[in-house]
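Secondary and tertiary structure notes
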Amino acid sequence: MALLQITEPGQAVDPHQRKRSVGIDLGTTNSLVATVKGVMIETIADEEGRHLMPSVVCYEGDGKVMVGTQALLKAGEDPHNTIVSVKRFMGRGINDIRSLGDRLPYEFVSGNSEMPLIRTRGGDVSPIEVSAEILKALVARAEAHQAGELDGAVITVPAYFDDAQRQATKDAALIAGVNVLRLLNEPTAAAVAYGLDSGASGDIAVFDLGGGTFDISVLRLNKGVFEVLSTGGDSALGGDDFDHEIAEWLIQQSGCGEQLDFSQVRNLLLYSREIKEQLTTRDCVAVDLDLNFLKWQGSLTRDQFNALIDPLIDKAIKACRRSVRDAGISASSIEKVVMVGGSTRVPRVREKVEAFFGVEPLTDIDPDRVVAIGAAIQADVLVGNKSDNEVLLLDVLPLSLGIETMGGLVEKIIHRNVSIPVAKAQEFTTFKDGQTAMLIHVLQGERELISDCRSLARFELRGIPPMVAGAAHVRVTFQVDADGLLSVSALETSSGVASTVVVKPSFGLDEKEVVSMIRDSFAHAETDKEIRALNEARVEATRMIDAILAALEADGDQLLSQQESEELRREVEQLKQINESDDARHIVRETERLGKLSEVFAARRMDAGVRRALSGHGIDELEEGLE
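Residues numbered from 1 in each chain as written. Predicted model: local features only at pLDDT ≥ 70, side-chain atom pairs only at ≥ 80, totals over all residues. Heavy atoms only, no water.

1. So, the overall build of the chain
Quick reminder of the rule: Helix and strand definitions follow DSSP, with helices as H or I runs of at least four residues and strands as E runs of at least two, each counted in order from the N terminus. When accessible area is computed with a 1.4 Å probe and restricted to protein chains, residues below 20% of their type maximum are described as buried, those above 50% as exposed, and intermediate ones as partly exposed. The contact criterion used throughout is that any non-hydrogen atoms of two residues lie within 4.5 Å. Working definition of accessibility: Shrake-Rupley area with a 1.4 Å probe, residue cover restricted to the visible protein chains.
The secondary structure content of the chain amounts to 15 helices and 28 strands. Counting every position in the chain, which comprises 627 residues, the buried fraction comes to 52%. Look at the contacts in the chain between residues 6 or more apart in sequence, and 68% of them connect residues 24 or more apart. Accessible area for the chain stands at about 29,600 Å²; split by element, carbon and sulfur atoms hold 48% of it.

2. A short note on unusual backbone geometry
For Ser85, which is not a glycine, the phi torsion comes out positive at approximately 55 degrees. In this fold, Ser85 is placed in the loop between strand 7 (82-84) and strand 8 (108-110). The exposure class assigned to Ser85 is buried, which follows from its relative accessible area of 12%.

3. Considerations on the nonpolar core
Here is the rule: To form a nonpolar core, buried Ala, Val, Leu, Ile, Met, Phe, Trp, Tyr and Cys residues must be joined to one another through side-chain atoms within 4.5 Å.
Counting residues in each nonpolar core, the largest one holds 49 residues, and the members touching the most others are Phe207, Phe214, Phe242, Leu250, Leu268, Val349 and Phe357. In terms of residue count, the dominant contributor to this core is helix 7 (residues 302-326) (10 residues). Setting aside chain neighbours within four positions, we find Leu250 in contact with Leu268, Tyr271, Ser272, Ile275, Val287, Leu289 and Trp296. Cys58, Ile128, Ala176 and Leu183 belong to the second largest nonpolar core, which has 41 residues in total.

4. Some details on the sheet that holds strand 21 (residues 409-414)
Note the threshold: Pairs of strands are assigned from DSSP output, requiring at least two bridges between the strands. Between the N-to-C directions of two axes lies an angle of 0 to 180 degrees, each axis being a line fitted to C-alpha atoms and, for a helix, fitted only over the stretch in contact.
As summarised here, the arrangement of the 4 strands in space is 21-20-24-25, forming an open sheet in which the pairing is antiparallel. Looking at which strands have only one partner, the edges of the open sheet turn out to be strand 21 and strand 25 (454-462). The mean inter-strand angle of the sheet, taken between neighbouring strand axes irrespective of direction, is 30 degrees. Where strand 20 (residues 401-405) lies against strand 24 (residues 437-444), 3 bridges are found, and the strand directions are antiparallel. Bridge pairing links Ile403 to Val442 in strand 24.

5. Quick look at the packing of aromatic side chains
The following threshold applies: Here a pair means two rings of Phe, Tyr or Trp (six-membered ring of Trp) with centres within 6.5 Å. Their orientation is stacked below 30 degrees between planes, edge-to-face above 60, and tilted elsewhere.
This model, assessed by the stated rule, comprises 5 aromatic pairs. Pairing Phe89 with Phe108 gives two aromatic rings, centres 5.4 Å apart and planes at 90 degrees, and the pair type is edge-to-face. Of this pair, Phe89 sits in the loop between strand 7 and strand 8 while Phe108 is found in strand 8, placing the two residues 19 residues apart along the sequence. By relative accessible area, Phe108 is classed as buried at 17%. Judged by centre distance (6.4 Å) and plane angle (85 degrees), the rings of Phe242 and Phe305 are edge-to-face. Of this pair, Phe242 sits in helix 5 (residues 239-254) while Phe305 is found in helix 7, placing the two residues 63 residues apart along the sequence. Each member of the pair, Phe242 as well as Phe305, is classed as buried.

Treat this as a map of the structure, not an account of what it does.
Following this line, the structure appears as structure tokens:
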């Protein structure tokens, strides 16, 4: 019996007017595309009924590119030209790339920028171009399913992707011709799918362990509002690392001491993946390894496998502990834990997650599809289709953003874990008299000194009217959009001169650096506070010294006696010496003391300035000016 959709008279919806949108889970190992069809949310299969598409691209030469299942079949026999797990390389420099020990799976070459290129038969290609081929294949599948071009797509990214990695994803979409409605954090997408299904409210954790990346997000769900309280993770941790551990174990068992070639490494990893998948449902797997001189027969038990991967899972649990702490709650207050990603099928992962949070993880929705489903729901809303599933998503910024100020200090404009999109402004001023330009140095990190943070961009604001130090008002505005991408503008308010930069670095932070930044901010908090106080005291002392010397040069002979002038100069020299010490309190005291000693001189200068301004003018003129 067929189901009929009943609508009120005159309110029937023309199905051809509905905009076509999809959610894309651009995964490390596999990718999916999903769409909303009426009240149904479904992932889209290929012609052979396969929903998961391997994130694999093979360059055959002569412009021929193979993507997905067919490319995966080439991975063993043609590893040089078949790219797998490219997501790990997105937004990274060559030095950031992690691989199986010293065995690089590809030949990396340097291009004109710091972005690594992979040498293939089809030419040198960037990770962005490889990802674009995967996106093209997913879009083609979706357009064939929906019989028309797409109006837009939501693409998911790991929550801990930094600005460079997010920008690289957007660039890949641009090359693929995809209209990106939004980049959505993968854990948030999963929360959308689960929250709408169960009507959940309260604090939840989304544990997302895929093929190459790990994310942990703590979210608060309440009346359709999904607020991300904190995020954490590792963009170089996932099921691929489990494969690497098995592969290394097999190499040790075989006694092979020779260097493996590309083909052997690839085939060994593929074989290790098969063993891992079998151990998900079995207690022991027979091993019959025969890769040229790499031969071994035996077995691998689940207990042995658990011992191999325990250090990796412990890294994920540590990230969970940090995220719970950053959210300002305890692990016991987490009501639900959502499992996302194919690697969460590993029994040991589920055991350790349940032990840490004290609740049985949710696995109701296929962990491979849940992210794409959540992305599809959001795409349907953002493209403009009417939806009862409309929710508000509040993602957060993973690291603080700020600018350099005098003394090598970082003034944070937007702090980490602030909901995005967000825009914040702060006013700054000039340091020297007559200053007509200002260098804006944009930084990312949690420490107080620029040397401990990462430089994102530099740009200049020119054309500031020459004024005395401190008179100019420069408003610096930071804007982070819903995709986590940053733009910075500077405006001198009296003249209207402005300058803007869109931050687009060529490669991203290594995830160890991100975690290290946060950890170091706690470990060095007290030391950083003392260093900041010292630098601020030195800057203020220098400003005071420069101002008094300039005033003495201009008016000292006319307004001060020789004794007064010499006394003030002695105090200035004394402050100069004290300013070289490491005693911030002493510097502050002497700066304040010098300020009080100079008050009489400052008053005389003001009086003299007023007299000069009134000289030659009568009372009548002044009264007319006031009318």
